[in-house]
Amino acid sequence: MSIQAQPIPQRPSAEPLPPPTERFTVLGWLYKNLFNTWYNALLTVVMVMLIALAVRAVGEWALNVARWEVITANLRLFAVGQYPITALWRAWACVVVLWALAGLSLGLWSRRAYGSIALLLAFPFVLGILAQDETTRWALLGAAAAAAAGFLLGQLRQRWLRRLALAGWVAYFPLVIVLIAGLGSEAPLLPSVPTNLWGGLLLTLLLTVVGIVFSFPLGVLLALGRRSKLPILSALSVIYIEVIRGVPFVTVLFMAQLMLPLFLPGVTIDRVVRAMAGVVLFSAAYLAENVRGGLQAIPRGQYEAAYALGFKPWQTTLLIILPQALKAVIPILVGQFIALFKDTSLVVIVGLLDLMGIAKTVLAQPDFLGLQAEVYAFVALVYGVFSFLMSALSQRLEQRLNTAR
Amino acid sequence: MTQAPQANENDPIIICRDVHKWYGHFHALRGINMEVQRGEVVVIFGPSGSGKSTFIRTINRLEEHQRGQIIVDGIELTHDVRNIERIRAETGMVFQQFNLFPHLTVLENITLAPIWVRGWKRDQAEEVAMQLLKRVGIPEQAHKYPGQLSGGQQQRVAIARALAMQPKIMLFDEPTSALDPEMIKEVLDVMIELAESGMTMIVVTHEMGFARAVADTMYFFDKGQIVESGTPEQIFEDPREERTRLFISQILSH
């Protein structure tokens, strides 16, 4: 074998060099990330042991000790509270439509969203297979089928389908309200279901969605009002925001329960609606301050450019300032909405049976006394899943709206 | 198209008489008198803090003047909001920091005002926008966002955005001051082409090559006053005031 000298290139070649590549090996990764110094190695070993112990203990409890029948026996209570069985299909309809819309939207707007769609299909499918109850099984399988159909339809990527999907999302909220609340006590198809029968996860989600949908525009208006040059408008906004922020949520809930009937004599307002009002009024004040933060981050030049082009102030706000301000505060707003979702559990105090309230009533059942661990672990799991979903969705939205790159 | 007393074609398009402006106790503009004819290209230069930017911004009322008179295309600038909006629609402005709308694509940046302020159809506005993008040399960037463009490209989009309103007057407030040296030329080339097309322009700039090439009149500002004005030949070759001579020698020598 002869050794030949490599020719030395006279000039650097015009071709750009590819970046140096690092080969991925498991051992290499472990060394670099977990065992690169003696104290990191020690830390790794200790942590692995602790985690193993914890997982073993929890697994032991979850698989051998825990009496999960407290959950399975009360699944319907957790889901919808006392909502009548004859009207249960209406809650299921909400779920099926939601899955169809989600599938359609994923098909229309997401590229390479196979993970998301797989999750969307697998979740109801697996639960449907596991379900004991006929209605539940078919509703869940129906949701999976609806999502699949929506996704396939979305592959057409037609303009009118996009319009349909957007209209669907806008119409979804009123649809849910109509389905759940009903059309009146005499209505043949959708008789009213009194709100004192609403409960469980259904009530928690309704409180959250109503809170978000109504506090968002109210909060934006308050933020704009606070920055307004009109002294009365800005003073009123400041007073509202500061009063609400100076008071605990529980107080606002009580005030909504007790004061609303006083302010509106002659009108009987439903208890759940009063709680929703409390949630909206409370959330709007915080939202206003978050949005105001976003508004303040917009440089003066944006206003000047808009005015120089002849935009009126309301056009400037609506077309140029608000879109940028809201985009900037998406992470904060989502954080606030997640907090709102969990804070709705405080409606227990005014006597409503949301997910947390149901958990308390289940624990009072004579058959299942002393099963706090099981019940609260389950409730925590439900809250955790929904919070995670909201957070994941917001990250999607942020990536999609990122125009700087 | 307006019912207001339309100015005669031969009258100056901009008339400023004894314009004053204070920031608190600071006297920023101290009696500016200026007349700009249709199609005239005016270059304003002077040391920083001399009131050049403040002055140019009073013409479309981004700054309010507190004494004197400003008449743009026959309309006097007063507190009347309708007059202000009319003048702003007739007056394009290009800023030092571009001030493009970062949440909109280049095309949307240009079409937004024609659609909302002028009431054009989207198709018409987009057609005009594409023509303007060709004119400033970057039609291929139409669907990008401002954050993806270089400074020079952003400033050319800003010029196209102002031109889309089909203004009678273009105001440039230090349009090349925030640009890297190699990008200044691409913006100046667009401005020179615009000047040669007969646009009325007021340009605050220190680009003396540009001034020499296309300016009809140059104004030297210092301490809120016009120290001297004249054609580029007069200003460069034979300035009357020592302050002008000194300032020009400073900015030409570096």
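Residues numbered from 1 in each chain as written. Chains lettered and ligands numbered in written order. Predicted model: local features only at pLDDT ≥ 70, side-chain atom pairs only at ≥ 80, totals over all residues. Heavy atoms only, no water.

K.L.:
In this structure, what is going on with the overall build of chain A? I would like to understand it.
P.N.:
Scanning chain A for helices and strands turns up 17 helices and 0 strands. A compact globule built from 405 residues should have a C-alpha radius of gyration of about 22 Å, whereas chain A, at 27 Å, is more than 25% larger. For the C-alpha atoms alone, the extent of chain A along its principal axes is close to 100 × 70 × 50 Å. Scored against the burial criterion, the 405 residues of chain A give a buried share of 38%. Within chain A, contacts between residues at least 6 apart in sequence are counted, and of these 72% link residues at least 24 apart. Across chain A, the mean location of the 29 positive side-chain charges is 14 Å away from that of the 16 negative side-chain charges. (Helix = DSSP H or I, 4+ residues; strand = E, 2+ residues; numbered from the N terminus. Rg over C-alpha atoms; globule rule 2.2 N^0.38 Å. Buried < 20%, exposed > 50% of the residue type's maximum accessible area, 1.4 Å probe, protein only. Contact = heavy atoms within 4.5 Å. Lys, Arg positive; Asp, Glu negative; His and termini not counted. Charge placed at Lys NZ, Arg CZ, Asp CG, Glu CD.)

K.L.:
For this particular structure, what's the right way to read helix α8 (residues 159-181) of chain A?
P.N.:
All names here are of chain A. An ideal rise of 1.5 Å per residue puts 33 Å on 23 residues; α8 measures up with 33 Å between its terminal C-alpha atoms. Where α8 bends most, at Tyr 172, the angle is about 40°, and the proline Pro 174 comes one to four residues later. Where the residues of α8 are buried, they touch α5 (88-109), α7 (134-154) and α9 (200-226). Directly after α8, the chain includes Gly 182, whose backbone phi takes a positive value near 90°. (Expected span 1.5 Å × (residues − 1). Bend = angle between axes of the 7 residues up to and from the residue.)

K.L.:
I would appreciate a short explanation of the sheet that holds strand β4 (residues 67-72) of chain B in the present structure.
P.N.:
Two modes of strand pairing occur in sheets, parallel and antiparallel, and in both the strands are linked by backbone hydrogen bonds. Residue and element names in this part refer to chain B. A sheet is described by the order of its strands in space; here 4 strands give the open sequence β2-β1-β4-β5, paired in antiparallel fashion. Each edge of the open sheet carries a strand with a single partner, namely β2 (26-36) and β5 (75-76). Taken strand by strand, helix α1 (residues 52-59) contacts β1 (14-23), β2 and β4, and its axis lies near 60° from that of β2. (Pairing = 2+ DSSP bridges. Axes fitted to C-alpha atoms, helices over the stretch in contact; angles between N-to-C directions.)

K.L.:
I keep staring at the packing of α5(A) against α8(A) and nothing clicks. Help me out?
P.N.:
Two measures define how a pair of helices packs: the angle their axes make with one another and the distance between the axes. Residues and elements named next belong to chain A. Where α5 meets α8, the closest approach of the two axes is 10 Å, and the angle between their N-to-C directions is 165°. As far as their axial angle goes, α8 and α5 are roughly antiparallel. Crossing angle aside, the handedness with which α5 passes α8 is left-handed. For the contact of α5 with α8, the residue count by class is 22 nonpolar, 2 polar and 2 charged. (Parallel < 35°, antiparallel > 145°, perpendicular 65-115°, else oblique. Left-handed = near helix turned anticlockwise from the far one by under 90°. Nonpolar A, V, L, I, M, F, W, Y, C, P; charged D, E, K, R; others polar.)

K.L.:
Quick question: what am I supposed to make of the pattern of salt bridges here?
P.N.:
Two side chains bearing opposite charge may form a pair once their charged atoms approach each other closely. Applying the stated criterion across every chain, the model contains 21 salt bridges over all chains. Where Glu289(A) meets Arg245(A), a salt bridge forms, and the shortest distance between an N and an O atom there is 3.6 Å. With a gap of 44 residues between them, Glu289(A) in helix α12 (residues 271-296) and Arg245(A) in helix α10 (residues 231-245) connect regions that are remote in the sequence. A salt bridge links Arg67(B) to Asp18(B), with the nearest nitrogen and oxygen atoms 3.9 Å apart. (Salt bridge = Lys/Arg side-chain N within 4 Å of Asp/Glu carboxyl O.)

K.L.:
What is the right way to read the domain arrangement of chain A from this model?
P.N.:
Interfaces are frequently sized by the accessible area removed from exposure as the parts join. Residue and element names in this part refer to chain A. Along its sequence, chain A is organised into domain 1 (74-193) and domain 2 (198-360). The C-alpha centroid of domain 2 is placed 27 Å from the C-alpha centroid of domain 1. Listed by partner, the interface residues are 12 residues for domain 1 and 13 residues for domain 2. Summed over both partners, the interface of domain 1 with domain 2 comes to about 1,000 Å²; 81% of that surface belongs to carbon and sulfur atoms. Of all residues in domain 1, Phe 78, Phe 173 and Ile 180 give up the largest surface area on contact with domain 2, accounting jointly for 49% of the area buried on that side. Our count for the contact surface shared by domain 1 and domain 2 stands at 0 salt bridges. Scanning the region where domain 1 abuts domain 2 turns up 5 residue pairs in polar contact (both at pLDDT 80 or more). (Domains from an automatic or database assignment. Buried area = accessible area lost by both parts, 1.4 Å probe. Polar contact = N/O pair within 3.5 Å; in protein donor to acceptor, adjacent residues only side chain to side chain.)

K.L.:
I would appreciate a short explanation of the packing of α9(A) against helix α15 (residues 330-343) of chain A in the present structure.
P.N.:
Residues and elements named next belong to chain A. Put simply, α9 and α15 touch, their axes get as near as 9 Å, and they point 145° apart. In this structure, α9 meets α15 at a crossing whose hand is right-handed. Side by side, α9 and α15 meet where Thr 204, Leu 205, Thr 208, Gly 211, Ile 212, Ser 215 and Phe 216 of the first sit next to Leu 333, Phe 337, Leu 340 and Phe 341 of the second. Considered class by class, the residues forming the contact of α9 with α15 number 7 nonpolar, 4 polar and no charged.

K.L.:
Got a minute to help me understand the interface of chain B and chain A in this structure?
P.N.:
Counting residues at the interface gives 24 residues for chain B, matched by 22 residues for chain A. Here chain B packs against chain A, burying approximately 2,000 Å² in sum over the two surfaces, 62% of which is carbon and sulfur. Taken together, the links from chain B to chain A amount to 2 salt bridges. Contributing elements (two or more residues each) for the side of chain B that touches chain A: α2 (81-90), β6 (91-94), α3 (106-118) and α5 (151-163) of chain B. A breakdown of the residues in the side of chain B that touches chain A according to their chemical character gives 14 nonpolar, 6 polar and 4 charged.

K.L.:
Help me understand a positive patch on the surface, please; the structure alone is not making it clear to me.
P.N.:
A cluster of like positive charges, contributed by Arg111(A), Arg112(A), Arg396(A) and Arg400(A), occupies part of the molecular surface. Of note, Arg396(A) is situated in helix α17 (residues 372-401). (Patch = residues over 30% accessible without salt bridge, like charges linked within 9 Å, V, L, I, M, F, W, Y side chains within 5 Å. Areas by Shrake-Rupley, 256 points an atom, 1.4 Å probe, with all protein chains shown as cover.)

K.L.:
Help me understand the packing of aromatic side chains, please; the structure alone is not making it clear to me.
P.N.:
Here a ring pair, both rings aromatic, is described through the centre-centre distance and the interplanar angle of the planes. All names here are of chain B. If you walk through the whole model with that rule in mind, you get 14 aromatic pairs over all chains. Where Phe 45 meets Phe 247, the ring centres are 6.0 Å apart and the plane angle is 35°; that geometry is what we call tilted. Of this pair, Phe 45 sits in strand β3 (residues 41-45) while Phe 247 sits in helix α9 (residues 242-253), and the two are 202 residues apart along the sequence. For the pair Phe 45 and Phe 247, one class covers both residues: buried. Cation over ring: Arg 161 sits above Phe 101, and NZ or CZ is 4.5 Å from the ring centre. Sitting over the ring of Phe 236, Arg 212 keeps its end group 4.2 Å from the ring centre. (Phe/Tyr/Trp six-rings, centres within 6.5 Å; stacked < 30°, edge-to-face > 60°. Lys NZ or Arg CZ within 6 Å of the ring centre and 35° of its normal.)

K.L.:
Got a minute to help me understand the pairing of β4(B) in this structure?
P.N.:
Two faces make up the sheet, and in a regular strand the side chains alternate between them. All names here are of chain B. Across 5 bridges, the pairing between β1 and β4 is antiparallel. Paired with Arg 17 across the bridge in β4 is Gln 69. For β4 and β5, the ladder comprises 2 bridges, and the chain directions are antiparallel. Of the residues in β5, the one forming a bridge with Val 72 is Ile 75.

K.L.:
What exactly am I supposed to notice about the sheet that holds strand β9 (residues 217-222) of chain B here?
P.N.:
All names here are of chain B. Ordered in space as β6-β7-β8-β3-β9-β10, the 6 strands form an open sheet in which the pairing is mixed. Of all the strands in the sheet, just β6 and β10 (225-230) have a single pairing partner and so form its edges. Taking the axes of each pair of neighbouring strands and ignoring which way they run, one obtains an average angle of 15° across the sheet. Pairing geometry for β3 and β9, over 4 bridges, is parallel. In the strand pairing of β9, Phe 45 is matched with Phe 220. Here helix α6 (residues 181-196) sits on the sheet in contact with β3, β7 (169-173) and β8 (200-204), set at roughly 145° to β8.

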